[in-house]
Amino acid sequence: MSNNGDKRAPDAQKAAAEAPKTKKKKGMPLIWKFFFGLIKWAILLGIVGAATVGAAVTGYVSALVRDDVVRSRETIVKAMQQNPETGFVYFRDGTVIGQLRSEVDLRPVEYEEIPQILIDAVLATEDEDFFRHIGVDIKSLLRAVKQKVLNEDVQTGGSTITQQVARRVFLSLERTDSRKFKEILLALRIERFLKKEEILAAYLNKIPFGNGSNGYNVYGVKAAAKGIFNKELKDLNLAEAAYLAGLPQSPSTYSAYTGKGEFDPEGFREAKKRQELVLYHMKRTGKIDEKQYREALAYDIRSALAPPQPKAYSTYPFLMLEAERKAAEVLLRLKNPDLTDEDLRRPAYRQALEDARQELLRGGYKVYTTIDKNVYEAMHRIAKNPELFTPDDEKKGVEQVGAVLLDNKTGAILGMIEGRDFFLEQLNHATQMTRQPGSAMKTIAAYLPALESGAIQPASVLDDVPLILPDGATGVHIPRNHDGKYHGLMTA
């Protein structure tokens, strides 16, 4: 038993000795463990930090915009596409008397009517990535944030065209973080509901371009082309398009005209510099080549500016106000056909008339009159001739006059004298002055009917004696002559 066991023991020892030895695994060096641990903690802390910052930013933004309503698609689309429009008054031959009273000149235009050269000029200067971004340009926005945080000397707004039109239509122009965040969120929402072309058309219809040649503030590219160059949009050349594209950044700085329509040399110089910058950006973005760039720079833009034009309310003040007043009555009567002249004079309709007038001034109406320009101006030359009137008196003032010239067949008013000087007295003596007709009634009510019927002839003899007539009440009326005397037999 013991001998057999002794034989197996050496065999087991031999087998154990011949079996392959397992290598012992070496542990990771302590320095690497420490390093990877740091990385894991850094990542974890970064995630937590980012989440914390994100939550803080979200909370901050939410606090800034919490008072801003969430506008519906219908509200946004309606506001973006709605534009007040300038109205005009015309003489009987279709020539313009002038623009209806307003603070601005605004003439909406469809996107298809805007020339490509003007679109290129605007986008190259204001928002070259307009057709690629989602309403907010991240690069420009980050650049603007960096400039503000570091308080750099040159700071750009970073606003896209969508943001600018959102600000102008729905928000204020105040420079605050609250307004900026509202603007960004609203721009993203606008881009969901409107096509790029619709957004750009809204922008080009609503932005200001400074004063026009008549002194009105011009809004939108169509009014700007007419007010600054006296041209239609389709007739603008490259130099003129670049000039207009540069104005919206600072309309008051770049305006070549004052509020009276007079030429402003300093404003024009600034506008010319801005035009040159627009042309540079157009070349930089490949919208024009070197030759076009040089030719546009050489173009005499000063000579292309429209000459100053007086406002119609300065040239024809009586006529413009009368056209405005009567057109407002026509508008009100279209909505209320049963209204009489007497109704319109009642205080109860005063507000309704004012509402109709406001609609007229903002609704792009065209008011056509029967006034003949030559007749009207000839009548006013008479009114302005002091030799035809008694001298001005310190107590009695200026002798006034009112007159209307009618076409007897149609009743059309061809001309009128509303007064001698609007700036001395605004009352319209032709249509608003109530007076005793006096001896004018003799020819209208007595002599002309008698002549037409054959009852008298010019040589017929009448006896100028006292005549006792019933006064229509309880007494009698005895007509008298202006001198208080009776003159006996006289010819008609």
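One can find the structure itself at the top, above this paragraph.
We now turn to the structure provided with this report. (Residues numbered from 1 in each chain as written. Predicted model: local features only at pLDDT ≥ 70, side-chain atom pairs only at ≥ 80, totals over all residues. Heavy atoms only, no water.)

1. Quick look at the overall build of the protein
To keep it simple, the criterion reads: Helix and strand definitions here come from DSSP, where helices need a minimum of 4 consecutive H or I residues and strands a minimum of 2 consecutive E residues; each element is numbered from the N-terminal end. Under the scheme applied here, a residue whose accessible area is under 20% of the maximum for its type counts as buried, over 50% as exposed, and between as partly exposed, the area being computed with a 1.4 Å probe on protein chains only. Throughout, a residue-residue contact means that at least one pair of heavy atoms, one from each residue, lies within 4.5 Å. Working definition of accessibility: Shrake-Rupley area with a 1.4 Å probe, residue cover restricted to the visible protein chains.
Of the regular secondary structure elements, the protein holds 19 helices and 12 strands. Scored against the burial criterion, the 492 residues of the protein give a buried share of 37%. The long-range share in the protein, meaning contacts at least 24 apart out of those at least 6 apart in sequence, stands at 64%. As displayed, the protein has an accessible area near 31100 Å², and 56% of this comes from carbon and sulfur atoms.

2. Thoughts on the pattern of salt bridges
Put simply, the test is: What counts as a salt bridge is simple: a side-chain nitrogen of Lys or Arg found within 4 Å of a carboxyl oxygen of Asp or Glu.
If you walk through the whole model with that rule in mind, you get 23 salt bridges. Glu 329 serves as the salt-bridge partner of Arg 325, at 3.6 Å between the closest nitrogen and oxygen. Residue Arg 325 and its partner Glu 329 are located together in helix α15 (residues 317-335), separated by four residues, close to a single helical turn. When its relative accessible area of 11% is taken as the criterion, Glu 329 is described as buried. Notably, a salt bridge pairs Lys 335 with Glu 359, separated by 2.8 Å at the nearest N-O pair. Here Lys 335, found in helix α15, pairs with Glu 359, found in helix α17 (residues 350-362); they are 24 residues apart in sequence, far enough to count as distant. On the basis of relative accessible area, Lys 335 is assigned to the exposed category, the value being 57%. Connected via shared salt-bridge partners are Arg 101, Glu 324, Glu 354 and Arg 357.

3. A word on the side chain of Asp 129
Keep this limit in mind: Pairing of N or O atoms within 3.5 Å defines a polar contact, subject to two protein rules: one partner must be a possible hydrogen donor and the other a possible acceptor, and residues neighboring in sequence count only if both atoms are side-chain atoms.
Looking at where Asp 129 falls in the secondary structure, it is placed in the loop between α4 (116-126) and α5 (138-149). Separated by 2.3 Å, the side chains of Asp 129 and Arg 132 make a polar contact.

4. A word on the environment of Val 136
Structurally, Val 136 can be placed in the loop between α4 and α5. A sequence separation of 26 residues divides Val 136 from Thr 162, and the C-alpha atoms of the two residues are 7.6 Å apart. In this view, Val 136 contacts Leu 141, Thr 160, Gln 163, Ile 184 and Leu 188; residues no more than four positions away in its chain are not counted.

5. A short note on the packing of aromatic side chains
Under the convention used in this document: Classification of ring pairs uses Phe, Tyr and Trp, with its six-membered ring standing for Trp, and accepts pairs whose centres are within 6.5 Å; under 30 degrees between planes counts as stacked, over 60 as edge-to-face, and the remaining range as tilted. Any Lys NZ or Arg CZ found within 6 Å of a ring centre and within 35 degrees of that ring's normal is scored as a charge over the ring.
A full pass over the atoms with the stated rule returns nine aromatic pairs. Ring centres 5.7 Å apart and planes at 85° place the aromatic pair Phe 91 and Tyr 316 in the edge-to-face group. Taken as a pair, Phe 91 in the loop between β1 (88-90) and β2 (96-99) and Tyr 316 in the loop between α14 (312-315) and α15 lie far apart in primary sequence, 225 residues in all. Across this residue pair, the class does not change: Phe 91 and Tyr 316 are buried. These aromatic residues form a ring-pair network of at least three members: Phe 229, Tyr 243, Phe 263 and Phe 268. Its guanidinium or amino end placed over the ring of Tyr 216, Lys 311 lies 4.6 Å from that ring's centre, counting from NZ or CZ.

6. Concerning the side chain of Thr 369
Along the chain, Thr 369 turns up in the loop between β6 (366-368) and α18 (373-383). With relative accessibility at 17%, the residue Thr 369 sits in the buried group. Within the structure, Thr 369 has its side chain in polar contact with the backbone oxygen of Tyr 90 (distance 2.8 Å). Reaching out from Thr 369, the side chain makes a polar contact with the backbone nitrogen of Ile 371 at a distance of 3.3 Å.

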